[in-house]
Amino acid sequence: MGLPSTILGTVAATSSTVAFVPQIAKIWKTGGKDVSYFMLSLYLAGVTLWLSYGLVIGATALSLANAASIVCAGTCLVLKLMKEKPCRAERKRLRIAIDMDETIADSLTEHIRRYNAEFAEKVDVDQLHGKHLEELVPLDRSDAVRRIIRDESFFDCLAVVEDAQQVIRELACEHEVFIVSAAMEIPESFAAKHRWLQRHFPFIPMGNVVFCGDKGIIDADYLIDDEVRHFHSFRGTGILFSAPHNLLETACERIASWQHIRRKFVGLRSS
Ligand SMILES: [Mg+2]
């Protein structure tokens, strides 16, 4: 092989090898989503065969060029594998939005208790099958029913719905959990709801608490809520948390307890 051929081979080898440098830099920065495993594998197989051919015929330039290409393509493949692994894990981490009233905070028990105390009534939760309390009481008491939940002390008294703390703690270890309340419906409740969350759910960062109006603004995979109306503009999947007032709803997935939510979501990430 003469000098011109050697120069030609060296220039060709340098060009095809250097061509990989920008690709390696791009994969390092972006994770190589736009590079195909099939293409890289096929290319590696090709240059390996060229290296073998170069060694057989004693072509030094050809062999060196393809050895360098194997190193570059192999680097691309390893970087792509390294960078994409965390991305795949991250995609499986769900974002779950969780309502407050009658989903994690038992507002109904306190609402009925205060109504019965004020009007000397004996309303029982079983009477609320498919109805809110304000739909059950006489029309002239509707304003009083709404006033009860606007009282600043109301939210401070609420118990936590059974198993909600433990299951949400487990969910928060595996998924992104946000507490989402349509608190604009009762702005007087802001401070009390904030205090209640800090007392009962201190493991939820305040950055993961959203007080809003329309829950359609929430960008989450799931919304767990006792009110079907919040699912209408929500773009993810609504899960109806069973409450007496929603027992006649059939349009969406219903879940009866926090134990059922644990079975649905805990461990989902690794499945
Ligand atoms: Mg609610």
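The rules behind these values
- Residues numbered from 1 in each chain as written.
- Predicted model: local features only at pLDDT ≥ 70, side-chain atom pairs only at ≥ 80, totals over all residues.
- Heavy atoms only, no water.
- Core = buried A, V, L, I, M, F, W, Y, C linked by side-chain atoms within 4.5 Å.
- Buried < 20%, exposed > 50% of the residue type's maximum accessible area, 1.4 Å probe, protein only.
- Helix = DSSP H or I, 4+ residues; strand = E, 2+ residues; numbered from the N terminus.
- Contact = heavy atoms within 4.5 Å.
- Salt bridge = Lys/Arg side-chain N within 4 Å of Asp/Glu carboxyl O.
- Donors = N, O, S within 2.8 Å, 3.2 Å for Na, K, Ca; no water.
- Domains from an automatic or database assignment.
- Polar contact = N/O pair within 3.5 Å; in protein donor to acceptor, adjacent residues only side chain to side chain.
- Pairing = 2+ DSSP bridges.
- Right-handed = clockwise from strand over helix to strand, strands pointing away.
- Axes fitted to C-alpha atoms, helices over the stretch in contact; angles between N-to-C directions.
- Arc of directions from axis to C-beta.

Visitor: Quick question: what am I supposed to make of the nonpolar core here?
Guide: Side chains of nonpolar character tend, in soluble globular proteins, to be buried together. Of all hydrophobic cores here, the largest spans 39 residues; its most connected members are I98, I104 and W258. Counting residues per element, this core draws most heavily on helix α8 (residues 164-174), which supplies four residues. With residues up to four places along the chain from it excluded, the contact list for I98 reads T103, I104, I168, L171, V177, F178, I179, V180, I224 and W258. Of all hydrophobic cores here, the second largest spans 11 residues; its members include F178, C212, L223 and V228.

Visitor: I'm lost on the pattern of salt bridges in this one. Help?
Guide: Scanning the model with the defined rule gives 17 salt bridges in all. Between D151 and R114 there is a salt bridge whose closest N-O contact spans 3.8 Å. Of this pair, D151 sits in the loop between α7 (142-150) and β3 (159-160) while R114 sits in helix α5 (residues 107-119), placing them 37 residues apart in sequence. For D151, a relative accessible area of 38% translates into the label partly exposed.

Visitor: When you look at the coordination of the magnesium ion in this model, what are you seeing that I'm missing?
Guide: Donor atoms from the polypeptide that bind the magnesium ion are D99 (OD), D101 (O) and D226 (OD), placed at 2.1 to 2.2 Å. When the donor residues of the magnesium ion are listed from N- to C-terminus, their spacing reads D-x1-D-x124-D. Of the two residues, D99 is situated in the loop between β1 (95-98) and β2 (105-106) and D226 in the loop between β6 (222-225) and β7 (237-241); the sequence distance between them amounts to 127 residues.

Visitor: Which parts of the structure should I look at to understand the domain arrangement of the protein chain?
Guide: It is common to give the size of an interface as the accessible area that goes away when the parts come together. The assigned domain composition of the protein chain is domain 1 (3-87) and domain 2 (95-106 + 153-270). Taking the mean C-alpha position of each, domain 1 and domain 2 sit 52 Å from one another.

Visitor: Would you take a moment to explain the environment of R114 for this structure?
Guide: Given the relative accessible area of 16%, R114 is considered buried. Placed 32 residues apart in sequence, R114 and M82 show a C-alpha to C-alpha distance of 59 Å. Looking at R114, its side chain comes within polar contact range of the side chain of E110, at 2.7 Å.

Visitor: Help me understand the pairing of strand β4 (residues 176-181) in this model?
Guide: Put simply, side chains in a regular strand alternate between the two faces of the sheet. The buried fraction of β4 amounts to five of the six residues, a majority that puts the element mostly inside the structure. The pairing of β1 with β4 spans four bridges and is parallel. The residue bridging I96 from the neighbouring strand is V177, located in β4. Pairing geometry for β4 and strand β5 (residues 209-211), over three bridges, is parallel. Across the sheet, S181 pairs through a bridge with F211, a residue of β5. Regarding the hand of the β-α-β motif, the stretch spanning β4, helix α9 (residues 190-200) and β5 is right-handed.

Visitor: So what exactly am I meant to see when it comes to the sheet that holds β7 here?
Guide: In sheet architecture, strand pairing relies on hydrogen bonds along the backbone and comes in two forms, parallel and antiparallel. Strand order in this open sheet of six strands is β5-β4-β1-β6-β7-β8, and the pairing throughout is parallel. The sheet is open, and its two borders are formed by β5 and β8 (253-255), each paired with just one other strand. Neighbouring strand axes in the sheet, compared pairwise and without regard to direction, differ in orientation by 25° on average. Contacts from helix α10 (residues 258-265) reach β1, β6, β7 and β8, with the element oriented near 170° to β6.

Visitor: Please explain α9 as it appears in this structure.
Guide: Along an α-helix, residues three or four apart share an orientation, since each turn contains 3.6 residues. Looking at α9, one finds that the buried residues are A192, K193, W196, L197 and H200. When α9 is viewed along its axis, its buried side chains cluster within an angular range of 135° and face the same direction.

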